[in-house]
Amino acid sequence: MHKVISPGRVNLIGEHTDYTFGYVMPMAVNLYTVLEGEKGESVELYSEHFKETKAFELNNLEKENSWVDYVKGIYKVLFDAGFKLGGIRGRIGGNLPIGAGLSSSASFELAIMQFLNEVYNLGISRKDMALLAQKAENEFVGVPCGIMDQFVIALGKKGHAVFIDTETLHYEYIPLPKDMQILVFYTGIKRKLAGSAYADRKRVAETILKRIGKKSSKEVTERDLKGLPGIYKKRFAYIIRENERVLEAKEALKKGDIEKFGRILTRAHWDIAENYGVSCGELDFFVRKVVKLGAYGARLTGAGFGGVAIAVVDREEAKKIGEKILREYTKVFNWKARYFLVEASDGVKMV
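Please read these numbers as outputs of a predicted model, since none were measured by experiment.

## Things to note about the overall build of the protein
Looking only at helices and strands, one finds 9 helices and 12 strands in the protein. Expected size for 351 residues packed as a compact globule is a radius of gyration near 20 Å; at 20 Å, the protein falls within 12% of this value. When its C-alpha atoms are laid out on the principal axes, the protein stretches across 55 × 50 × 40 Å. Considering the protein as a whole, with its 351 residues, one finds that 58% of them fall into the buried category. Pairs at least 24 apart in sequence give 71% of the contacts found in the protein among residues at least 6 apart. Accessible area of the protein: about 14700 Å², with a carbon and sulfur share of 48%.

## Digging into the pattern of salt bridges
Considering all chains together, one arrives at 24 salt bridges under this definition. For the salt bridge of Lys320 with Glu317, the shortest nitrogen-to-oxygen distance reads 3.2 Å. For Glu317, a relative accessible area of 30% puts it in the partly exposed group.

## Things to note about the nonpolar core
Grouped together as the largest cluster of nonpolar side chains are 49 residues, with contacts concentrated most on Val71, Tyr75, Leu78, Ile112, Met113 and Leu116. Counting residues per element, the ones that place at least two in this core are strand 2 (23–40), strand 3 (43–47), helix 1 (68–80), strand 5 (87–94), helix 2 (104–119), helix 3 (126–141), helix 4 (148–155) and strand 6 (160–165). It is helix 2 that contributes the most residues to this core, 9 residues altogether. What Met113 contacts, discounting residues up to four positions off in sequence, is Ile74, Leu78, Ile124, Met129, Leu132 and Ala133. Among the nonpolar cores identified, the runner-up in size contains 43 residues, and Leu183, Tyr198, Leu228 and Phe236 belong to it.

## Side note on helix 8 (residues 281–292)
Count 3.6 residues to each turn of an α-helix, and residues three or four apart come out pointing the same way. With 12 residues, helix 8 should reach 16 Å at 1.5 Å per residue; the first-to-last C-alpha distance of 17 Å fits that figure. Restricting attention to buried positions, one finds in helix 8 the residues Glu282, Leu283, Asp284, Phe285, Phe286, Val287 and Val290. Tucked inside the fold, the buried residues of helix 8 contact strand 8 (180–186), helix 7 (258–276), strand 9 (297–301), strand 10 (308–314) and helix 9 (318–332). Trailing helix 8 by a residue or two, Gly294 shows a phi angle of about 120°, which is positive.

## Observations regarding the sheet that holds strand 11 (residues 338–342)
Read across the open sheet, the 4 strands follow the order 9-10-8-11; overall the sheet is antiparallel. A single partner strand is all that each edge strand has here, and the edge strands are strand 9 and strand 11. Each neighbouring strand pair of the sheet contributes to a mean axis angle of 25°, computed without reference to strand direction. Where strand 8 meets strand 11, 5 bridges bridge the pair, whose relative direction is antiparallel. Bridged to Ile182 within strand 11 is Val342. Contacts between helix 7 and the sheet are confined to strand 8, strand 9 and strand 10, with strand 9 contributing the most and set at about 45° to the helix.

## Focus on the packing of aromatic side chains
The geometry of an aromatic ring pair is captured by two quantities: the separation of the ring centres and the angle between the planes. As enumerated under the stated definition, the model contains 15 aromatic pairs in all. Between Tyr70 and Phe108, the ring centres sit 6.3 Å apart and the planes meet at 55°, which makes this aromatic pair tilted. You can see Tyr70 sitting in helix 1 and its partner Phe108 sitting in helix 2, a full 38 residues away along the chain. Taking the relative accessible area as the measure of exposure, Phe108 reaches 8% and is therefore buried.

## Let's talk about the pairing of strand 6
Burial analysis of strand 6 places 6 of its 6 residues in the buried class, the great majority of the element. By the alternation rule, side chains of strand 6 split into His160, Val162 and Ile164 and Ala161, Phe163 and Asp165, which are all buried. In terms of strand pairing, strand 2 meets strand 6 through 2 bridges, oriented antiparallel. Directly across from Val24, in strand 6, lies its bridge partner Ile164. As judged from the 5 bridges shared by strand 6 and strand 7 (residues 171–175), these two strands associate in the antiparallel manner. Considered in strand 7, the bridge of Ala161 is made with Ile174. Where strand 6 folds back onto strand 7 in an antiparallel hairpin, the turn is made up of 5 residues, including Leu169, whose phi is positive at roughly 65°.

## So, unusual backbone geometry
Residue Phe21 is not a glycine yet carries a positive backbone phi of 60°. Here Phe21 shows up in the loop between strand 1 (2–13) and strand 2. Unusually for a residue other than glycine, Ser103 sits at a positive phi of about 65°. Here Ser103 is to be found in the loop between strand 5 and helix 2. Classification of Ser103 as buried rests on a relative accessible area of 8%.

## Structural notes on the side chain of Lys202
Following the sequence through the fold, Lys202 ends up in helix 5 (residues 194–212). With relative accessibility at 16%, the residue Lys202 sits in the buried group.

## Observations regarding the environment of Glu64
With respect to the helices, strands and loops of the structure, Glu64 is situated in the loop between strand 4 (52–56) and helix 1. By relative accessible area, Glu64 is classed as partly exposed at 33%. Filtering out sequence-adjacent residues up to four positions away, Glu64 remains in contact with Lys54, Asp69 and Lys72.

Scoring rules and cut-offs
Counting from 1, residues in each chain are numbered in the order their sequence is written. Per-residue local features of the predicted model are confined to residues with pLDDT of at least 70, and side-chain atom pairs are confined, for both listing and counting, to 80 or more; whole-chain, interface and lining totals are unaffected and use all residues. Remark: hydrogens and water are excluded; side-chain values derive from all non-hydrogen atoms of the structure. Helix and strand definitions here come from DSSP, where helices need a minimum of 4 consecutive H or I residues and strands a minimum of 2 consecutive E residues; each element is numbered from the N-terminal end. Here the radius of gyration uses the C-alpha set of atoms, whereas the globule reference equals 2.2 Å times the residue count to the power 0.38. Whether a residue is buried, partly exposed or exposed follows from its accessible area with a 1.4 Å probe, protein chains only, as a fraction of its type maximum: under 20%, in between, or over 50%, in that order. Note on contacts: a residue pair qualifies if any of its non-hydrogen atoms lie within 4.5 Å across the two residues. Exposure was quantified through the Shrake-Rupley algorithm and a 1.4 Å probe, taking into account, for residues, occlusion by the shown protein chains and nothing else. Salt bridge, as applied in this entry: a Lys or Arg side-chain nitrogen positioned within 4 Å of an Asp or Glu carboxyl oxygen. In this text, buried Ala, Val, Leu, Ile, Met, Phe, Trp, Tyr and Cys residues form a nonpolar core when linked through side-chain atoms within 4.5 Å. In this analysis, the expected span of each helix is defined as 1.5 Å times one less than the number of residues it contains. A strand pair is defined by DSSP finding two or more bridges across the two strands. To define axes, lines are fitted to C-alpha atoms, for helices over the stretch in contact only, and angles between the resulting N-to-C directions are given on a 0 to 180 degree scale. Two rings from Phe, Tyr or Trp (for Trp, the six-membered ring) form a pair when their centres sit within 6.5 Å of each other. Planes less than 30 degrees apart are called stacked, planes more than 60 degrees apart edge-to-face, and all others tilted.

Structural data, given as structure tokens:
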């Protein structure tokens, strides 16, 4: 029996920048999708979350509009790339919440990819595993995501964030200060609006790049946006500022300046809320309140419209702040909220 653990991810800074080939700085986190299995002639997987078994033959990769499409998508891109491989018999579980904004889908994809890569000796590099998993999600599942989630789940490093240029795929490991804790707060709102809104933001951003003749948002200045419709200008100006903040945040972390790093995150939240329109009352409440409770800074992370936010706190104060914000939040909102104190994790691996 083989066992794979595949982390979730939290994006520290660089939101809605990866699909315009900008900068991001996520970290893999110690909440995992766990796949236990062995070789088989076909695929048969039991999901502990969905309490059901799904099975298919390797010559039947029709979409089913269920969780098993992520598995079929991985097989499809591997077969299309010319790899020879067999099936899986096993079970999927773990403690990574599904639909909470911690990239459970990319974590699941990389768990399947790592299992097949190892047991069938495919010899795929970690970077290529990420690219193939993104292709499966884009082209088979039909979610127009950027490369960030798959990349950090494949290449995460314990104790470090990963700074990524999503155009060149150049990356750098940035050590996280030992006395800094990342508090992840799940609002209790599954991101129902995020799919269509995400696709809309991506489409607008790509249209702008085409109109101004640039490939990457890194090349764009606010001067380039003159003459564009007001909402287009407002949206893309946020992306330009966010790229600048990623570089600023990277330097703050390198210097161990947690206070500056926190201020950058809070500034990023109010910019994305006001100018990119992907926040909500619950996320704004969390950011406002947790900073008052002693966090260095906070912001939404992920696509927005619910899901999760993060706060940067002192390690010694983390649990106390987590309990306080949970109490304050549940006085105002009825959602089943939770918080997690997470560490930066290694990427997907066999254990």
